[in-house]
Amino acid sequence: MTESGDDARPVVIIGGGPAGSVCAAVLARQGVPCLLLEKGRHPRHHVGESLQPATLDLLELHLGVRDAIESQGYAHKYGAVYVWGESQEPWSILFDERLEESIDTMSEEELLAGDYERAVQVDRASFDALLFDAALHTGVDARQEQAVTNLHFADDGAITAVELADGQRLPCRFVVDCSGQRCLVGHRLRWVRTSPDLRSVASYVYLEGAGGLPGPLGRHVQYVHSVPEGWLWFIPIGADLTSVGLVTRGSRRWDAEALLQLGERAGLPIADARLAEVHGQRTARHARDWSFHCERFAGPNFLLAGDAACFVDPILSGGVDFAVRSGANAALAILEAVRSGEAAGPFEAYEAAQRRDFRAYLRMARYWYGNNRSVGGFFWEAQQEVPAGAVSTPLRAFVYLTSGRYAADKHLKIFQEWQEKKMFDALGVDRGKVRRALDDRDGDASRRS
Ligand SMILES: Cc1cc2nc3c(=O)[nH]c(=O)nc-3n(C[C@H](O)[C@H](O)[C@H](O)COP(=O)(O)OP(=O)(O)OC[C@H]3O[C@@H](n4cnc5c(N)ncnc54)[C@H](O)[C@@H]3O)c2cc1C
């Protein structure tokens, strides 16, 4: 281990997207000095707009931004509607179990007025800027237009300093790579492995004047429609702004006209829509969409979080959720390393937990692309990932997994345990002794009864 307990060098976080902002904020809130370096300047465009409900809870817990997010006027997302699988009949998942019974008989007003579990679909430029600002307000030394261009390593493999474009070297105690698909550390160490079966390209546009689905869900939902060319997304992100994209194998980049024709043929509600100019662009945008992971997610004094660690095809819209959670988990691993004076244990635990999440998502995505499955099969597959008894039906297992709830519950457990350890340290109490005493008391009580 290369750090010492009273080391004044900061934790350096590379990349100010969701993973980096959350990681920095969690550390700063616990008084750990950290430096957040973002190559660009917010607000900047980013793909990845459909979020999960658990993400909002984690963002409220660690950044206190729920009200700020709600005040942006982003679209609500109560679930997702799919045309996928053996049948061309639409089917849906709803985050709130109560809606399964009532959605067909309620009005849009009743849906919006209820306290139903939901997520939001966001313009990532303003959303990421909001998270970055929130990190800044927790006391993070957050700097923009500061690209990390080089990394310096010690003989034991620890990163000793990061280098900026102007040649400045910044020494660091720990590093968290949150550089997204740039994978700064992963590429440098040749750790990046792509999944050959999940190599796609995405083409997408923004529209004004698009409609919504029939019924109360209207524009308050994510719509995914499989077509022979791949699959289309229809993601309302505000009252009148909609993101429409195609994910397809191969390398063809679709222009806006071809994309909209395909969408209309598939029945997307875009007949009256026109192209919107977003961040200075009205034409189609394109993104490489290759699933990949790094061979390792941790080194002696560094961790990889968000897309810098791994990326799974966006069919289940889990990217931002994973980024937020792994950013927070990386911060907790560092806090535990600082508390205990030992990094190997917490970093190994971090690596194992993130890898489990990644594998569960990869397995679901692969299963999903086995195109001729029945809908019930997706749900059954999800149930293999969650503990027996955690949910009532395979459908709820699917929702529990893909809403981010399952992984968020695991994160909350790690967070509570860490807070408990910190409290016992502050009181000068041996946590192990307290636990043993409580176990003995419980054992005595059950023997007496
Ligand atoms: C086609 C497509 C559709 C998607 N749809 C969804 C969706 O619907 N829902 C969802 O949740 N996810 C979706 N995703 C995934 C989602 O976009 C990502 O998982 C998410 O943005 C990851 O967050 P992050 O913080 O790890 O990385 P990013 O958001 O990419 O942030 C990384 C930051 O690091 C900065 N950076 C890079 N290099 C450096 C450097 N050298 N120095 C300093 N800073 C640097 C970048 O400027 C950037 O701001 C989609 C992805 C694709 C490709």
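Quantities reported herein were computed from a predicted structural model and do not represent experimental measurements.

## A word on the overall build of the protein
Along the backbone of the protein there are 14 helices and 19 strands. Put simply, 72% of the contacts in the protein that link residues at least 6 apart link residues at least 24 apart.

## Some remarks on the packing of helix α1 (residues 18–29) against helix α9 (residues 319–340)
Look at α1 against α9: their axes get within 7 Å of each other, and the N-to-C directions meet at 30°. Taken together, α1 and α9 sit at an angle that is classed as roughly parallel. The hand of the α1/α9 crossing is right-handed. Counted together, P18, A19, G20, V22, C23, V26 and L27 of α1 and V320, A323, V324, S326, G327, A328, A330, A331, L332, I334 and L335 of α9 form the full contact between these two elements. Its residues assigned to classes, the contact of α1 with α9 comprises 15 nonpolar, 3 polar and no charged.

## Quick word on the site of the ligand
Surveying the vicinity of the ligand reveals 37 residues, the closest of which are G17, G48, G180, G306 and G319. Take the shell around the ligand: its biggest share by element is 4 residues, from α9. Among the residues forming the shell around the ligand, the class breakdown is 16 nonpolar, 14 polar and 7 charged.

## Looking at unusual backbone geometry
Residue P43 follows H42 across a cis peptide bond; omega there is -5°. Here C183, not a glycine, exhibits a phi torsion of approximately 45°, which is positive. Position of C183 among the secondary structure elements: in the loop between β11 (174–177) and α7 (184–188).

## Overview of the sheet that holds strand β2 (residues 34–37)
The 5 strands lie next to each other as β7-β2-β1-β11-β18, forming an open sheet whose pairing is parallel. One side of each edge strand has no neighbouring strand; the edge strands of this open sheet are β7 (141–143) and β18 (302–304). This sheet shows a mean twist of 15° between the axes of neighbouring strands, independent of strand direction. Pairing between strand β1 (residues 11–14) and β11: 4 bridges, direction parallel. Note that in β11 the partner of I13 across the bridge is V176.

## Observations regarding the sheet that holds strand β10 (residues 169–171)
What the 3 strands build is an open sheet, ordered β8-β9-β10; its pairing is antiparallel. The sheet is open, and its two borders are formed by β8 (148–153) and β10, each paired with just one other strand. When strand polarity is set aside, the average angle formed by the axes of neighbouring strands in this sheet is 25°. Bridge analysis of strand β9 (residues 159–164) against β10 gives 3 bridges, and the strand direction is antiparallel. The residue of β10 that forms the bridge with E163 is R169.

## Topic: helix α2 (residues 53–63)
Of all the 11 residues making up α2, 8 are buried; the element is thus mostly covered by neighbouring parts of the structure. Listing the buried residues of α2 in full gives P53, A54, T55, L56, L58, L59, H62 and L63. Its buried side turned inward, α2 meets α1, α3 (66–70), β6 (119–121), α6 (124–137), α9 and α13 (405–427). At the C-terminal side of α2, G64 shows a positive phi close to 65°.

## Some thoughts on the pairing of strand β15 (residues 241–249)
Judged by how many residues are buried, β15 sits mostly within the fold: 8 of 9 residues are covered. With 9 bridges joining them, strand β12 (residues 192–208) and β15 adopt antiparallel strand pairing. Bridging across to β15, L207 finds its partner in T242. As defined by bridge partners, strand β14 (residues 230–236) adjoins β15 across 7 bridges and the pair is classed as antiparallel. Paired with I235 across the strands is S243, a residue of β15.

## Re α6
Here α6 spans 20 Å end to end across 14 residues, near enough to the 20 Å set by a 1.5 Å rise per residue. Buried within α6 are the following residues: R124, F127, D128, L130, L131, F132, A134 and A135. In the core, the buried residues of α6 are packed alongside α1, β2, α2, α3 and β7.

## Quick look at the environment of R199
Relative to the assigned elements, R199 resides in strand β12. In this structure R199 comes out as partly exposed when scored by C-beta crowding, with 16 C-beta atoms within 10 Å. A C-alpha to C-alpha distance of 19 Å links R199 and V320, two positions 121 residues apart in sequence. Sequence-distant contacts of R199, defined by excluding residues within four places in its chain, comprise T194 and W290.

## Quick word on the environment of L27
Here L27 lies in helix α1. Note: C-alpha distance between L27 and V324 (297 residues apart in sequence) is 14 Å. When sequence neighbours within four positions are dropped, the list of residues in contact with L27 reads V11, V32, C34, A331, I334 and L335.

## Topic: the packing of α1 against α6
Interhelical geometry of α1 versus α6 gives an angle of 20° and a closest axis separation of 8 Å. With respect to α6, the axis of α1 lies roughly parallel. As for how α1 packs across α6, the hand of that crossing is left-handed. Contacts between α1 and α6 pair P18, S21, V22, A24 and A25 from the former with D128, L131, F132, A134 and A135 from the latter. Here the contact of α1 with α6 is composed, by residue class, of 8 nonpolar, 1 polar and 1 charged.

## Comments concerning the confidence of the model for the protein
Across the protein, the average pLDDT comes to 91, with 95% of residues at 70 or higher. A low-confidence stretch, residues 1–6 (pLDDT under 50), is modelled with 12 contacts involving residues beyond four sequence positions or located in other chains.

Rules behind the numbers
Residues numbered from 1 in each chain as written. Predicted model: local features only at pLDDT ≥ 70, side-chain atom pairs only at ≥ 80, totals over all residues. Helix = DSSP H or I, 4+ residues; strand = E, 2+ residues; numbered from the N terminus. Contact = placed C-beta atoms within 7 Å. Axes fitted to C-alpha atoms, helices over the stretch in contact; angles between N-to-C directions. Parallel < 35°, antiparallel > 145°, perpendicular 65-115°, else oblique. Left-handed = near helix turned anticlockwise from the far one by under 90°. Nonpolar A, V, L, I, M, F, W, Y, C, P; charged D, E, K, R; others polar. Near = placed C-beta within 6 Å. Pairing = 2+ DSSP bridges. Buried ≥ 20, exposed ≤ 12 C-beta atoms within 10 Å, placed from the backbone. Expected span 1.5 Å × (residues − 1). pLDDT = per-residue confidence, 0-100.

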